[in-house]
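Next come the chains, spelled out residue by residue.
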Amino acid sequence: MSSQIPSPETPYPSELPRRAVLTGMGAAALGTAMLGVTRTAVADVNAVAGETGTWRFDFGPGEIARGATQVTAETSYTPDLGYGFEDTTTLTETDRGGEDPLRGDFVSTASTATFLVDLAPGDYRIRILSGDLDGPTDIAVTAEEIEKVPQTEAEAGEMLELEFELALVSGRLGLTLTGTAANINAVDIEALPARRRGHRPTLYLLGDSTMQTYDPYWMPQAGWGQFFDRFVSDRVLVDNRSIGGRSSRSFINQGRLDEVLRLVRPGDYVYVQFGHNDATYTVPDRYTPPEDFREYLRTYIEGARQRGGEAIVVTPVSRRDVDADTGRFRVSFPEYVEAAISIAAELDAPLVDLSASSRAFLDELGAEGAKDVFLHADAGVYPNRPNGVADDTHFQEYGAIQMARLVALGTAELGLRISAHIIVRSSSGAPRAVDGLELIRASASTLEVSWPAAEDADTYRVHLGPVGEEPLFVGGTSGTEAVMYFLEEAADYEVRVSAQNEHGEGPQGGVLAASTVQAIARFDMGPSGSPVAKGFAQVTPETEYTPERGFGLANAGSVTAEDRGAEAGDDLPRDMLIGHGSTYGFLVDLPDGPCTVVLTVGDATGSARTDISVQGEQRSTVAIDDGVRQVIEPAEIVEGQLVLGIGGNGGQLNGVTVAVGGTGR
């Protein structure tokens, strides 16, 4: 680090917000106070930053603030100097005069300019003072390819105080300024203290959609990162930061790696798996050539090590891609697999070759058996996949757990400190039959069941059928409860459950006989003239509640209705009420006592966003991108009335049924 870079005597106040606009004399007074401004000569600013860990630069041709180094529009970066602009051709400088050396002068660009400072890798707090006494300011700041300050404007005489933190991995900080009037008056760089080892090591998981944690709405889709904590001891924390659609490059550019590196403590580990989106050359924001991918991985590895952690490189997990001639799975993204292996070898970084281990596992299953690993489901099995799904990249919960197991096994073989905390049970075969099923609740169209956890089980497969018929597969889950939707009213069913692990599916267990119940009230929402489901009362936007009718809408002034047509499904899901962001009520007069309400919510041809309250209590938010869902809400009828509140951005509602009772047979 260059000894020519001086440090200040007084840093900016640490409590300053990320963005603040200061005006008038208050700004001048604060500027003087926070930087200890006096009229000084350049010769007085030779104290080095090594004593305080802070670097201060005063931009412009005018007087220099005490403890600061002057930077003008002609200050070009050189390795000997250790700071300066990468290119000065777009720069101008202005001195407005006045008593304040910081506010009175500045350097500016009307396009783009990058200010460089040689700094040791580490974590820094950066404060920028930006403004013009006589003109406007329009500035955005990018640091290390990360947008840290979005486009921000200030009027003449206003000063912007911009603050952010940065995990610097390279040995040179680059602040790129853009805007129509990107004025820079001062830069203050403060080295943050090194972090101490935590009580428990944290495993940060960084990757794409094959790793991310999914909300229940996405069932059965899952990423292996959401199950990795199953395979580590409780003395280790798992923090899954993976997110779909990201490549090694975009994860950095969006500041996601920066966020993690500013959390990493000595003894922590950072798992890194990219490649799927890096290879997507049709999407420029994601695509990263293999040679660049290799260098981006270097940033992850070196960034973790600089903070006392360790990065574990994970090669891209395999897709369901079978060679028709050999019947074996192909290597997915081979150039990216090789690049990951290569950079890990060069930097002596630990490597888990998930590409190889997942491929070997899939070869044992074969192309057809691998459908249980990947996101394959027939139409109607999962409510959020009404048309079925055939996805050879993403996983069902069963597959995600198997991939997590392979990563855990790979980690155990590395001989790292974390290897001692890996827990992977050994099972000799597929799980035993699952018995002990119990009925939790029955409604007019749903059954909720539970069962005890089975030894050696990773996931469970639920089978359902009418009494006397062979039960069909109706969904899988990693939990020990399941809900079956859109069933016939007052019908008898048989339920069986089987368990799966890495050896496959075990036998189905004993039968649970359960029945849906008779509804005491049924309502089909939609426009006047649209078909009405058999046995249902129609509710249109004009159906206002009255005591004589005994049901209807309240506060429904903004409510409209739509019918998506016969091709959108049966009579109940094809049409709906829409609240358009306003909250409306649906009231039903019923006898006091407990009941189960099932709300059908969605839009057969688009997205739906609905908030649901029951008896004045907020219960659930339904966010649907396609199709319709059924939402089960237990309720207690008091004072003879059920009160439902429907809100949210869309406020869609297709139907309501109300039932009482419901027990196993």
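Residues numbered from 1 in each chain as written. Predicted model: local features only at pLDDT ≥ 70, side-chain atom pairs only at ≥ 80, totals over all residues. Heavy atoms only, no water.

Q: Lay out the sheet that holds strand β39 (residues 627-637) with the relevant residues and their values.
A: Taken in spatial order, the five strands line up as β31-β30-β41-β36-β39 in an open sheet, and their pairing is mixed. Here the strands that pair on one side only, and so sit at the sheet edges, are β31 (537-539) and β39. Taking each pair of neighbouring strands and ignoring which way they run, the sheet shows an average axis angle of 20 degrees. Summarising the sheet, strand β36 (residues 593-603) and β39 pair through 11 bridges and their orientation is antiparallel. Paired with T600 across the strands is Q630, a residue of β39. (Pairing = 2+ DSSP bridges. Helix = DSSP H or I, 4+ residues; strand = E, 2+ residues; numbered from the N terminus. Axes fitted to C-alpha atoms, helices over the stretch in contact; angles between N-to-C directions.)

Q: Can you break down the sheet that holds strand β22 (residues 438-442) residue by residue, with the values?
A: What the three strands build is an open sheet, ordered β22-β23-β26; its pairing is antiparallel. Every other strand in the sheet has two partners, leaving β22 and β26 (481-484) as the edge strands with one partner each. For this sheet the average axis-to-axis angle between neighbouring strands, irrespective of direction, equals 20 degrees. As paired elements, β22 and strand β23 (residues 447-450) share four bridges and run antiparallel to each other. Across the sheet, residue A442 finds its bridge partner in β23, namely L447.

Q: I'd like a description of the confidence of the model for the protein, backed by residues and values.
A: When pLDDT is averaged along the protein, the result is 89; 91% of the residues meet or exceed 70. For the stretch residues 1-48, pLDDT sits under 50, and the model shows 134 contacts to residues farther than four places along the chain or on other chains. (pLDDT = per-residue confidence, 0-100. Contact = heavy atoms within 4.5 Å.)

Q: Could you give an account of the packing of helix α5 (residues 290-306) against helix α6 (residues 334-346), with specific residues and numbers?
A: At their nearest, the axes of α5 and α6 sit 9 Å apart, and the two run at 40 degrees to each other. When the axes of α5 and α6 are compared, the pair comes out oblique. Considering only the axes of α5 and α6, their crossing is right-handed. When α5 is examined against α6, the residues P290, F293, R294, L297, R298 and I301 are found in contact with a partner set consisting of E335, Y336, A339, A340, S342, I343 and E346. Class assignment for the residues of the contact of α5 with α6 results in eight nonpolar, one polar and four charged. (Parallel < 35°, antiparallel > 145°, perpendicular 65-115°, else oblique. Left-handed = near helix turned anticlockwise from the far one by under 90°. Nonpolar A, V, L, I, M, F, W, Y, C, P; charged D, E, K, R; others polar.)

Q: Any details on empty space enclosed by the protein? Residues and values, ideally.
A: What the rule picks out here adds up to one cavity of 30 Å³ or more. What the largest cavity holds in volume is close to 90 Å³. Only α8 (397-412), β24 (459-466) and β25 (472-477) provide two or more residues apiece to the lining of the largest cavity. Residues of the lining of the largest cavity, tallied by class, amount to five nonpolar, five polar and three charged. (1 Å grid on protein atoms, 1.4 Å probe; cavity = no way out; pocket = protein on both sides within 12 Å on 5 of 7 lines; lining within 4 Å. Points joined across faces, edges and corners; volume = space filled by probe spheres on them.)

Q: Let's hear about the packing of aromatic side chains: which residues, and what values?
A: Taken as a whole and assessed by the stated rule, the structure comprises 17 aromatic pairs. Ring centres 5.3 Å apart and planes at 50 degrees place the aromatic pair F57 and Y83 in the tilted group. Of this pair, F57 sits in strand β2 (residues 54-59) while Y83 sits in strand β4 (residues 83-85), placing them 26 residues apart in sequence. The two residues F57 and Y83 agree in class, both being buried. Each ring, one from F57 and one from F115, has its centre 5.2 Å from the other, and the planes form 75 degrees; the classification is edge-to-face. Here F57, found in strand β2, pairs with F115, found in strand β7 (residues 112-118); they are 58 residues apart in sequence, far enough to count as distant. (Phe/Tyr/Trp six-rings, centres within 6.5 Å; stacked < 30°, edge-to-face > 60°. Buried < 20%, exposed > 50% of the residue type's maximum accessible area, 1.4 Å probe, protein only.)

Q: I'd like to hear about the environment of D348, residue by residue, with values.
A: Mapped onto the elements, D348 comes out in the loop between α6 and β19 (351-352). Under the relative-accessibility criterion, D348 is labelled exposed at 66%. In sequence terms D348 and V588 are 240 residues apart; their C-alpha atoms lie 68 Å from each other.

Q: Break down α8 for me, citing the residues and quoting the values.
A: Given a rise of 1.5 Å per residue, 16 residues ought to cover 22 Å, and the 22 Å separating the end C-alpha atoms of α8 matches this to within 8%. Counting buried residues in α8 gives 14 out of 16 residues, a clear majority hidden from the surface. (Expected span 1.5 Å × (residues − 1).)

Q: Just give me the short version of the pairing of strand β21 (residues 389-396), but keep the residues and values in it.
A: Here strand β15 (residues 221-222) pairs with β21 via two bridges, running antiparallel. In the sheet register, A222 faces β21, and the bridge partner there is F395. Where strand β20 (residues 374-377) lies against β21, four bridges are found, and the strand directions are antiparallel. From the neighbouring strand, A377 faces β21, where its bridge partner is V389.

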